[in-house]
Amino acid sequence: MGQREMWRLMSRFNAFKRTNTILHHLRMSKHTDAAEEVLLEKKGCTGVITLNRPKFLNALTLNMIRQIYPQLKKWEQDPETFLIIIKGAGGKAFCAGGDIRVISEAEKAKQKIAPVFFREEYMLNNAVGSCQKPYVALIHGITMGGGVGLSVHGQFRVATEKCLFAMPETAIGLFPDVGGGYFLPRLQGKLGYFLALTGFRLKGRDVYRAGIATHFVDSEKSKIDRDKSFILEEHMDKINSCFSANTVEEIIENLQQDGSSFALEQLKVINKMSPTSLKITLRQLMEGSSKTLQEVLTMEYRLSQACMRGHDFHEGVRAVLIDKDQSPKWKPADLKEVTEEDLNNHFKSLGSSDLKF
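Everything numeric in this text was worked out from a predicted model, so none of it was measured.

## Side note on the side chain of Asp354
Inference 1: Mapped onto the fold, Asp354 is located in the segment after helix 16 (340-347).
Inference 2: At 3.2 Å, the side chain of Asp354 and the backbone nitrogen of Leu350 are in polar contact.
Inference 3: Beyond its immediate stretch of four places on either side in the chain, Asp354 contacts Arg119, Arg302 and Ser349.

## Some words on helix 5 (residues 114-129)
Inference 1: The terminal C-alpha atoms of helix 5 lie 22 Å apart, and with 16 residues this matches the ideal 22 Å at 1.5 Å per residue to within 8%.
Inference 2: Regarding helix 5, the residues found buried are Ala114, Phe117, Phe118, Glu121, Tyr122, Leu124, Asn125, Asn126, Ala127 and Val128.
Inference 3: Looking at the buried positions of helix 5, the neighbouring elements they touch are helix 3 (62-77), helix 4 (100-108), strand 5 (135-139), helix 6 (146-149) and helix 14 (293-309).

## Structural notes on the nonpolar core
Inference 1: Core analysis: the biggest nonpolar cluster contains 87 residues, and Leu51 and Phe243 have the highest contact counts within it.
Inference 2: The element that contributes the greatest number of residues to this core is helix 14, accounting for eight residues.
Inference 3: Not counting residues up to four positions away in its chain, the partners in contact with Phe243 are Lys190, Tyr193, Phe194, Leu197, Thr198, Lys238, Ile251, Leu255 and Ile270.
Inference 4: In terms of nonpolar packing, the next biggest core, distinct from the first, is built from seven residues, Leu83, Ile85, Val136 and Phe156 among them.

## Comments concerning the layout of surface pockets
Inference 1: Approximately 1200 Å³ is the volume attributed to the largest pocket.
Inference 2: In this structure, the largest pocket is lined by 44 residues; those nearest its centre are Ile100, Pro168, Ile172, Val320 and Leu321.
Inference 3: Those elements that provide at least two residues to the lining of the largest pocket are helix 4, helix 5, strand 6 (142-144), helix 12 (261-270) and helix 15 (312-322).
Inference 4: A class-by-class count of the residues in the lining of the largest pocket yields 24 nonpolar, nine polar and 11 charged.
Inference 5: A volume near 200 Å³ is recorded for the second largest pocket.
Inference 6: Considering the residues around the second largest pocket, the lining is formed by 16 residues, among which Thr276, Gly310, His311, Lys331 and His346 are closest to the centre.
Inference 7: Looking at the lining of the second largest pocket, the elements that each hand over two or more residues are helix 13 (275-288), helix 14, helix 15 and helix 16.
Inference 8: For the lining of the second largest pocket, the class distribution of residues is five nonpolar, seven polar and four charged.

Definitions and cut-offs
- Residues numbered from 1 in each chain as written.
- Predicted model: local features only at pLDDT ≥ 70, side-chain atom pairs only at ≥ 80, totals over all residues.
- Heavy atoms only, no water.
- Helix = DSSP H or I, 4+ residues; strand = E, 2+ residues; numbered from the N terminus.
- Polar contact = N/O pair within 3.5 Å; in protein donor to acceptor, adjacent residues only side chain to side chain.
- Contact = heavy atoms within 4.5 Å.
- Expected span 1.5 Å × (residues − 1).
- Buried < 20%, exposed > 50% of the residue type's maximum accessible area, 1.4 Å probe, protein only.
- Core = buried A, V, L, I, M, F, W, Y, C linked by side-chain atoms within 4.5 Å.
- 1 Å grid on protein atoms, 1.4 Å probe; cavity = no way out; pocket = protein on both sides within 12 Å on 5 of 7 lines; lining within 4 Å.
- Points joined across faces, edges and corners; volume = space filled by probe spheres on them.
- Nonpolar A, V, L, I, M, F, W, Y, C, P; charged D, E, K, R; others polar.

Encoded structure:
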């Protein structure tokens, strides 16, 4: 896209902000009686995608992915479409993630949904990242996992005071996928590494201050946020020093040596996570820091399929989403039992089954 074309698109986006269209779309998202899982509408020159599973916090299904992808591509090529907006219905969530419970149950029943789901989800993440029209994600409410993949790679991410962002995958034996290996290491200092390993939750304006959102709007008022202090500002020096290590073991050692209440709280959190997930995630971000989004998604597809074959993802889903006992029994249960060979197997090429763009 040329500089002139980008300027023209930015001008349109600025006009879009000035006319309070964002607030209109946020308020219109609260109520919908439609039965479809995703609504695809053309409103004037704007294509509007509404994730419509409010009872399930708009969790992303394969069916939704298969509707969004071709429509996004169609609007991208349509000379009469100048803007694409994606939002969630119901007011509680933009999108709480992929419907991973369904994926885990299908895998256990020997139904091979996972290869297809992750492949098509990551193709959609790439389509968002490469979209040639202004793509505006209204991240109002819970925005986690797959919901981050539908928003963070787009040109504009508008957070509200209700936004709750997290990449909590290490708690369920997974890793921060959907391009997490691309955007997380590019956040300020070692913030992305901290968010990835601990699943720390950012709320409201802090999603904007962290650099995850590009804009902030108060959903009840017509105002744009100005810089105030970031919730993690006072801890950034500790985050940068503790999370700059090359191994999870060293990060843990750094937190222990720091000894502050903040460091010890993070240590407590990390010690509950899947040891395999922690090691995969650190390497994913380190490798992803110098890869393109497409290269990262290819790497993450390999990781996703390795996790489906393993124990911890299914155990994490059981403990957190099914039985809800919050007491996963990880295998291996200790970081030192996760070998270099185990790690290498997760990152290994799938040959002809690799994700290609």
